[in-house]
Amino acid sequence: MRDKISSSPVLSVVSKVLFAPIIIFGLYVQFHGDYGPGGGFQAGVIVAAAFILYSMIFGLAKGETLVPVMVNRYLMCVGVLLYAGVGILSIFLDGMYLDYNVLSTNPSSGQHIGIILVELGVGITVATVMIALYHSFASFKVSHE
Amino acid sequence: MNFLLINFFLISLLLITTFFIFKSTSLIGIVALTGAFTLLCSAIYVNLDAVDVAFTEAAVGSGISTILMVMAAAKLPEGKKNKLINLFPSIILAISISLVLILIISNLPLLGDPNAPIHLHVVPEYIKESKDFFHIPNVVTNILASYRGFDTLGETIVIFTAGLGVIVLLTSNTLNRKTKFKNKEKK
């Protein structure tokens, strides 16, 4: 695989301009999921799309300095652990597993906190898994024998 | 009436796309057409008022998976074309599956039928209860994260495991090369 897919200035300028708005849109989808369509799965994919666009245009090496491979792998685990950790936290607060009522004094706001934390965990895992998939596909070298 | 017209238009576009997927011989072309196919599907979901499903379909189906398929297709050796060797078994399979599906269609409830089984089980409870209890307007989020929290945990773990599997499969290639290199040094 060529390291740099394109050296066209149009593509690099457009991707630089689009990078931040894509991530902001992803965060909007993540945290507005309670009020409109969206949530962790979609937001994770949108945020990952920004990073994948970056490493497609500027090459895999630059993409891997932006998101180091090991950091990405740790974040994959952090997302799942955040989700499962919310459940374990609710056990310690005298609730059942993934029972968000006990996370706050008021059950309703407890549910709100729980849902936001859980969706954040889903978003982190989905985004980093997608980036990891792209990086491992892009760095894979086939030996044509 | 408008609803029907839009649906008819989208489904005929879907059929045209399917035909060209069938006709196309280049892999990249098929990948691009599959992206178009899922985008049309998400437009149909929007038309059916399933906005969350449409969003997921557009982001995952036509966004990320198309990119990953393009990456995978770029890794394939060049000059090899998609040759269908023996069409006969696949045609029989397709015809029999579509016959079964057409037979099933008559048993499905009508679109938007309030007495359909899916709308009579736990859904009325969720819709009635969730707004007063959670103060979150999007019922889909409530069901996804709270009522069905275990399911979503399982889904997250499935995605995580899939990512791990791909990492292990695709980076083992470089590991093997390193061990080969070490073996050569020993020799």
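In this text the structure is predicted, and so the values were computed from the model without any measurement.

Visitor: Looking at this structure, how should I read the overall build of chain A?
Guide: A count of helices and strands for chain A gives five helices and zero strands. Mapped from its N terminus to its C terminus, chain A presents α and β elements in the order α-α-α-α-α. Taken against the 2.2 N^0.38 rule, which gives 15 Å for 145 residues, the C-alpha radius of gyration of chain A at 19 Å runs more than 25% over that of a compact globule. In terms of overall dimensions, chain A has C-alpha extents of about 60 × 35 × 20 Å along its principal axes. When each of the 145 residues of chain A is scored for burial, the buried share is 39%. Sequence-distant contacts in chain A: of pairs separated by 6 or more residues, those separated by 24 or more amount to 64%.

Visitor: Before we go on, may I ask you to explain the overall build of chain B in this structure?
Guide: Check the secondary structure of chain B and you find seven helices and zero strands. For chain B, the sequential pattern of α-helices and β-strands runs α-α-α-α-α-α-α. In chain B, buried positions account for 15% of the 187 residues. In chain B, the share of contacts with a sequence separation of at least 24, taken over all contacts with a separation of at least 6, comes to 40%.

Visitor: Just checking my understanding: could you explain the packing of helix 5 (residues 107-138) of chain A against helix 6 (residues 139-147) of chain B for this structure?
Guide: What describes two packed helices is the angle between their axes and the distance between those same axes. Interaxial distance between helix 5 of chain A and helix 6 of chain B falls to 10 Å at its minimum, and their mutual angle equals 85°. In terms of orientation, helix 5 of chain A and helix 6 of chain B fall into the roughly perpendicular class. Between helix 5 of chain A and helix 6 of chain B, the contacting residues are Q111(A), I115(A), V118(A) and E119(A) on the first element and T141(B), A145(B) and S146(B) on the second. Residue classes in the contact of helix 5 of chain A with helix 6 of chain B are distributed as three nonpolar, three polar and one charged.

Visitor: Whenever I open this one, the interface of chain A and chain B confuses me. Can you help?
Guide: By a frequent convention, interface size equals the accessible area lost on bringing the separate parts together. Counting residues at the interface gives 44 residues for chain A and 39 residues for chain B. Elements that contribute at least two residues to the side of chain A that touches chain B include exactly helix 2 (40-58), helix 4 (69-92) and helix 5 of chain A. The element best represented in the side of chain A that touches chain B is helix 5 of chain A, accounting for 18 residues. Across the side of chain A that touches chain B, the residue classes tally to 28 nonpolar, 13 polar and three charged.

Visitor: So what exactly am I meant to see when it comes to helix 2 of chain A here?
Guide: For an α-helix, 3.6 residues make a turn, and residues three or four places apart therefore share a direction. Here helix 2 of chain A is 19 residues long and its end C-alpha atoms lie 27 Å apart, about the 27 Å a rise of 1.5 Å per residue gives. Taking burial as the measure, the 19 residues of helix 2 of chain A include 18 buried ones, the bulk of the element.

Visitor: Would you mind showing me how to read the confidence of the model for chain B here?
Guide: Interpretation of the predicted coordinates at a detailed level should be avoided for regions scoring low in pLDDT. Confidence in the prediction of chain B, expressed as mean pLDDT, is 83, and 87% of residues score 70 or more. In the predicted assembly, ipTM is 0.88 and pTM is 0.83.

Visitor: Even after reading the chapter, I still don't get helix 4 (residues 88-105) of chain B, so can you show me in this structure?
Guide: Here helix 4 of chain B spans 26 Å end to end across 18 residues, near enough to the 26 Å set by a 1.5 Å rise per residue. For helix 4 of chain B, the buried fraction is low: zero of the 18 residues fall into the buried class.

Visitor: Would you mind showing me how to read the confidence of the model for chain A here?
Guide: Here chain A shows a mean pLDDT of 86. Residues at 70 or above account for 93%. Within chain A, helix 3 (residues 60-66) of chain A has the poorest average pLDDT of any element, 87, and helix 4 of chain A the best, 92.

Visitor: Is there a simple way to think about the packing of helix 1 (residues 9-31) of chain A against helix 2 of chain A in this case?
Guide: Residues and elements named next belong to chain A. For the pair helix 1 and helix 2, interaxial distance at closest approach is 8 Å and the crossing angle is 165°. Judged on the interaxial angle alone, helix 2 and helix 1 are roughly antiparallel. Crossing hand, helix 1 versus helix 2: left-handed. Across the interface between the two elements, L11, S12, S15, L18, F19, I22, I23, F25, G26, V29 and Q30 from helix 1 touch G40, Q42, A43, I46, V47, A49, A50, L53, Y54, I57 and F58 from helix 2. Class assignment for the residues of the contact of helix 1 with helix 2 results in 16 nonpolar, six polar and no charged.

Visitor: Before we go on, may I ask you to explain unusual backbone geometry in this structure?
Guide: The bulk of non-glycine residues show a negative phi, and the bulk of peptide bonds are trans. Positive phi outside glycine occurs at L98(A), with the angle close to 60°. Tracing the chain through its elements places L98(A) in the loop between helix 4 and helix 5. Note on L98(A): 22 C-beta atoms within 10 Å, which makes it buried. One non-glycine residue, D49(B), adopts positive backbone phi at about 65°.

Definitions and limits used
- Residues numbered from 1 in each chain as written.
- Chains lettered and ligands numbered in written order.
- Predicted model: local features only at pLDDT ≥ 70, side-chain atom pairs only at ≥ 80, totals over all residues.
- Helix = DSSP H or I, 4+ residues; strand = E, 2+ residues; numbered from the N terminus.
- Rg over C-alpha atoms; globule rule 2.2 N^0.38 Å.
- Buried ≥ 20, exposed ≤ 12 C-beta atoms within 10 Å, placed from the backbone.
- Contact = placed C-beta atoms within 7 Å.
- Axes fitted to C-alpha atoms, helices over the stretch in contact; angles between N-to-C directions.
- Parallel < 35°, antiparallel > 145°, perpendicular 65-115°, else oblique.
- Nonpolar A, V, L, I, M, F, W, Y, C, P; charged D, E, K, R; others polar.
- Expected span 1.5 Å × (residues − 1).
- pLDDT = per-residue confidence, 0-100.
- Left-handed = near helix turned anticlockwise from the far one by under 90°.

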